[in-house]
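Summary of structural features
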Amino acid sequence: MTPEDRARIEARELTSARSGAAITAAVVVALLCLYLMFEAAMKSIGQPAWVKSPDEWWAWLSGLPGTADPFLLAAGSLAVLALGLFLLLSGLLPGRRARHAMPDPRAVVIVDNEVIAATLARRARLEAGVAPEQVLVVVSRQLVEVQVRPTSGIPVAAGAVQAAVEDELRTNRIDPLPEVKVRIAESGVVGQ
Amino acid sequence: MSADVLAGHTRISTQALAATARGVAADVFGVPAPSVRVALNDEYGELALALNLPLPIGRAGGTPRRPLWDRARDERTEVRDRFIQLTGSRVARVDVRVTGIILDTSRRAS
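So, a few notes on the structure that sits alongside this text. Since we're looking at a predicted model, the values are computed, not measured.

1. Some thoughts on the overall build of chain A
Assigned secondary structure in chain A consists of six helices and five strands. Written out in order from the N terminus, the α and β elements of chain A read α-α-α-α-β-β-α-β-β-α-β. Relative to the 2.2 N^0.38 estimate, which gives 16 Å for 192 residues, the radius of gyration of chain A is 28 Å and therefore markedly larger than a compact globule would have. Projected onto its principal axes, the C-alpha coordinates of chain A cover approximately 90 × 50 × 20 Å. When the 192 residues of chain A are sorted by exposure, 24% land in the buried category. Across chain A, contacts joining residues at least 24 apart in sequence account for 59% of those joining residues at least 6 apart. On chain A, roughly 12,500 Å² of surface is accessible, and the fraction owed to carbon and sulfur atoms is 65%. Looking at chain A, you have 19 positive and 20 negative side-chain charges, and the mean spots of the two groups are 3 Å apart.

Below, the structure written as structure tokens:
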């Protein structure tokens, strides 16, 4: 497996596929073109048009607000706008999935962010000495947010929790290494 | 936790904290433990103890005790210190509500 292969496979797993949107767009455009070609052919062999001839379509399109039902027109415009936005954003946004890659000499290893969050939460709660339900970890691409609600009367050292979580991230060789933010809640939980 | 500490997790349950507070308060104020009611609350990450208990008063003719109010107020420090010593939890406040009095019968014998 060459590095290029590895990069390609990782990218395929880390970003969502655009094939669905691309296929839909291609099918819609192809059908539209087929229909227009069919109408043009009918006109060229002198047959009556199936729905409207190309000339009539142009006339209808250029005089558009015209006599059409305004509600139908508005609904159609919104649908076209939504479709356009969807296709545009599909093309421009990176489409990252909630996953991270882990380097491994023999295989491509991809981990869901929930799994990383569970690992970090376990480490953080052992470090802080609190119950599992007192720790909340959210993992995104660049940032790990750790929220700890201390037990009343037993202060939690934010620095120690931060160091432990960073150590856990390094141990698991998460790539790219996210930044860690630890927040200790002001109010605590009585007992455990 | 550093590496030389044995791996594991220690927890003190709410019931244990409440029972400890009840025992300490009963001991400090000199009342039977079942007559003490304890509520535990959170005070910005530290513990707040609320004690509801009757206080003993001396009978007429016995050695005069300090006023109820002063005892209820001043012995809170003692309750807090002993509670901290036993449980290791930080206590930010101790509220005492005197719900009644107990006639001190121990003087009658003498």
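Still to come is the rest of the account.
2. Quick notes on the overall build of chain B
A tally of regular secondary structure across chain B gives two helices and three strands. Looking at chain B as a whole, 29% of its 110 residues are labelled buried. Taking the intrachain contacts of chain B between residues at least 6 apart in sequence as the baseline, contacts between residues at least 24 apart amount to 64%. Taken as a whole, chain B presents about 6,900 Å² of accessible surface, with 51% of it coming from carbon and sulfur.

3. Thoughts on the pairing of strand S2 (residues 109-112) of chain A
Looking along a regular strand, one sees side chains alternate from face to face of the sheet. Residue and element names in this part refer to chain A. Where strand S1 (residues 99-102) meets S2, four bridges bridge the pair, whose relative direction is antiparallel. Counterpart to His 100 in the pairing with S2 is Val 111. What sits between the antiparallel neighbours S1 and S2 is a turn of six residues.

4. A word on the sheet that holds strand S2 (residues 46-57) of chain B
Residue and element names in this part refer to chain B. Strand order in the open sheet formed by three strands is S1-S2-S3, and the pairing between neighbours is mixed. Looking along the sheet, the strands with just one partner apiece sit at the ends: strand S1 (37-43) and strand S3 (91-103). Averaged over all pairs of adjacent strands, the angle between strand axes in this sheet comes to 20°, irrespective of strand direction. Sheet analysis places S2 next to S3, joined by eleven bridges and oriented parallel.

5. Some words on the side chain of A:Arg6
Residues and elements named next belong to chain A. Inspection of the secondary structure assignment puts Arg 6 in helix H1 (residues 3-14). Polar contacts involving the side chain of Arg 6 include one to the main-chain carbonyl oxygen of Ala 107, which spans 3.5 Å. Contacts of Arg 6, omitting those with residues within four sequence positions, involve Met 1, Asp 104, Pro 105, Arg 106, Ala 107 and Val 108.

6. So, the packing of helix H1 (residues 14-29) of chain B against helix H2 (residues 68-87) of chain B
Residues and elements named next belong to chain B. Between H1 and H2, the least distance of the axes is 9 Å, while the angle of their chain directions is 135°. Between H1 and H2, the angle falls in the class oblique. Classified by chirality, the crossing of H2 by H1 is right-handed. Listed contacts from H2 to Leu 17, Thr 20, Ala 21, Val 24, Ala 25, Asp 27, Val 28 and Phe 29 of H1 are Arg 71, Ala 72, Glu 75, Glu 78, Val 79, Arg 82, Phe 83, Leu 86 and Thr 87. Across the contact of H1 with H2, the residue classes tally to ten nonpolar, two polar and five charged.

7. Details of unusual backbone geometry
All names here are of chain A. Non-glycine residue Arg 173 carries a positive phi angle of around 50°. Inspection of the secondary structure puts Arg 173 in the loop between helix H6 (158-171) and strand S5 (179-184). Overall, the relative accessible area of 47% leaves Arg 173 in the partly exposed class.

8. Looking at the sheet that holds strand S3 (residues 135-139) of chain A
Two pairing modes exist for strands in a sheet, parallel and antiparallel, and in both the strands are linked by backbone hydrogen bonds. Residue and element names in this part refer to chain A. Strand order in the open sheet made by the three strands is S3-S4-S5, with mixed pairing throughout. The strands lining the two open edges of the sheet, one partner per strand, are S3 and S5. Strand-to-strand twist across the sheet, computed as the mean angle between neighbouring axes with direction ignored, equals 15°. Here six bridges tie strand S4 (residues 143-148) to S5, and the two strands are oriented parallel to one another. Note that in S5 the partner of Gln 147 across the bridge is Arg 183. Across the sheet, helix H5 (residues 113-128) is in contact with S3 and S4; its angle to S3 comes to roughly 145°. The strands that H6 touches are S4 and S5; relative to S5, the one it contacts most, it runs at about 150°.

9. Focus: the packing of aromatic side chains
Residue and element names in this part refer to chain A. Within this structure, the stated rule accounts for one aromatic pair over all chains. With a centroid separation of 6.4 Å and 85° between ring planes, the pair formed by Tyr 35 and Trp 57 is classed as edge-to-face. One end of the pair, Tyr 35, is in helix H2 (residues 19-44); the other, Trp 57, is in helix H3 (residues 54-62), and 22 residues separate them in sequence. Residue Trp 57 is classed as partly exposed on the basis of its relative accessible area, which comes to 26%.

So, how was this worked out
Residues numbered from 1 in each chain as written. Chains lettered and ligands numbered in written order. Predicted model: local features only at pLDDT ≥ 70, side-chain atom pairs only at ≥ 80, totals over all residues. Heavy atoms only, no water. Helix = DSSP H or I, 4+ residues; strand = E, 2+ residues; numbered from the N terminus. Rg over C-alpha atoms; globule rule 2.2 N^0.38 Å. Buried < 20%, exposed > 50% of the residue type's maximum accessible area, 1.4 Å probe, protein only. Contact = heavy atoms within 4.5 Å. Areas by Shrake-Rupley, 256 points an atom, 1.4 Å probe, with all protein chains shown as cover. Lys, Arg positive; Asp, Glu negative; His and termini not counted. Charge placed at Lys NZ, Arg CZ, Asp CG, Glu CD. Pairing = 2+ DSSP bridges. Axes fitted to C-alpha atoms, helices over the stretch in contact; angles between N-to-C directions. Polar contact = N/O pair within 3.5 Å; in protein donor to acceptor, adjacent residues only side chain to side chain. Parallel < 35°, antiparallel > 145°, perpendicular 65-115°, else oblique. Left-handed = near helix turned anticlockwise from the far one by under 90°. Nonpolar A, V, L, I, M, F, W, Y, C, P; charged D, E, K, R; others polar. Phe/Tyr/Trp six-rings, centres within 6.5 Å; stacked < 30°, edge-to-face > 60°.

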